[in-house]
Amino acid sequence: MAENIIGALHGFKEPDRLLPIANIGRIMKQIVPPNAKISKEAKETMQECVSEFISFVTSEASQKCRKERRKTVNGDDICWALATLGLENYEAPLKRYLHKYRELEGEKAANQMRANGKDEEDEQYPLKFSFIGSSSNDSNFRPFG
């Protein structure tokens, strides 16, 4: 009941702030022995726990972003929040994951550019302009390329 009131105050319904219980169950099942069973109560408890953990870490990262006048929380902010909250043991593996993720995303973007016949400069400056005449009126800028 208290959770529903808190959720209503923050503008979300209780189920909206929880991860799907089926996903929680699948993750838990990977850890226990193959013949072990996991109760519904255990799954629901873990569901609440991981949702609270995500909110806790994200809130800390979000406060940092607000202080720095940024609107977007990024992976580095999450790593910083983990360390700030005393969870340094999670920070290092997450930084390694983040580094690998960024490498793979860079490779995907490079492959996509090659597939589309573009080079890196085309991606950096996707819309090129030529300047016509000596006036700086907007009508003198013409896109090309």
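The structure we're discussing is the one just above.
Basis of the calculations
Residues numbered from 1 in each chain as written. Predicted model: local features only at pLDDT ≥ 70, side-chain atom pairs only at ≥ 80, totals over all residues. Heavy atoms only, no water. Helix = DSSP H or I, 4+ residues; strand = E, 2+ residues; numbered from the N terminus. Buried < 20%, exposed > 50% of the residue type's maximum accessible area, 1.4 Å probe, protein only. Salt bridge = Lys/Arg side-chain N within 4 Å of Asp/Glu carboxyl O. 1 Å grid on protein atoms, 1.4 Å probe; cavity = no way out; pocket = protein on both sides within 12 Å on 5 of 7 lines; lining within 4 Å. Points joined across faces, edges and corners; volume = space filled by probe spheres on them. Nonpolar A, V, L, I, M, F, W, Y, C, P; charged D, E, K, R; others polar. Arc of directions from axis to C-beta. Contact = heavy atoms within 4.5 Å. Phe/Tyr/Trp six-rings, centres within 6.5 Å; stacked < 30°, edge-to-face > 60°. Lys NZ or Arg CZ within 6 Å of the ring centre and 35° of its normal.

Draft legend 1. The arrangement of the overall build of the protein chain in detail. The helix and strand tally for the protein chain stands at six helices and two strands. Along the chain direction, N to C, the helices and strands of the protein chain fall in the order α-α-α-α-α-α-β-β. For the protein chain, the proportion of its 145 residues judged to be buried stands at 15%.

Draft legend 2. Region of interest: the pattern of salt bridges. The final tally for this structure, using the stated rule, is 10 salt bridges. A salt bridge links Lys95 to Glu91; the nearest nitrogen and oxygen atoms lie 3.3 Å apart. Note that Lys95 and Glu91 are positioned in helix 5 (residues 88-115) at a spacing of four residues, about one turn of the helix. Close ionic contact of Lys100 with Glu103 constitutes a salt bridge, the shortest N to O distance being 3.7 Å. Note that Lys100 and Glu103 are positioned in helix 5 at a spacing of three residues, about one turn of the helix. One connected set of salt bridges, linked through shared partners, spans Lys64, Glu68, Arg70 and Asp77.

Draft legend 3. Looking closely at the layout of surface pockets. Considered as a void within the structure, the largest pocket measures approximately 220 Å³ in volume. Sort the elements by how many residues they give to the lining of the largest pocket and helix 5 lands first, with three residues. For the lining of the largest pocket, a count of residues per class yields six nonpolar, no polar and no charged.

Draft legend 4. Looking closely at helix 2 (residues 21-31). When we look at burial in helix 2, the residues that qualify are Ile24, Gly25 and Met28. Buried residues along helix 2 cover an arc of 100° about the axis, so they all sit on one side. Away from its buried face by more than 90 degrees, helix 2 exposes Arg26, Ile27 and Gln30. Along its buried surface, helix 2 packs onto helix 3 (40-67).

Draft legend 5. Structural detail: the packing of aromatic side chains. In this structure the tally under the stated criterion is one aromatic pair. Consider the rings of Tyr97 and Tyr101, whose centres lie 6.2 Å apart with planes at 25°: the pair is stacked. Here Tyr97 pairs with Tyr101, and both are found in helix 5, just four residues apart, close to one helical turn. For Tyr97, a relative accessible area of 52% gives the class exposed. Between the NZ or CZ atom of Lys64 and the centre of the ring of Trp80, over which it lies, the distance is 5.5 Å.

Interpretation note: all reported values are geometric properties and have no functional meaning in isolation.
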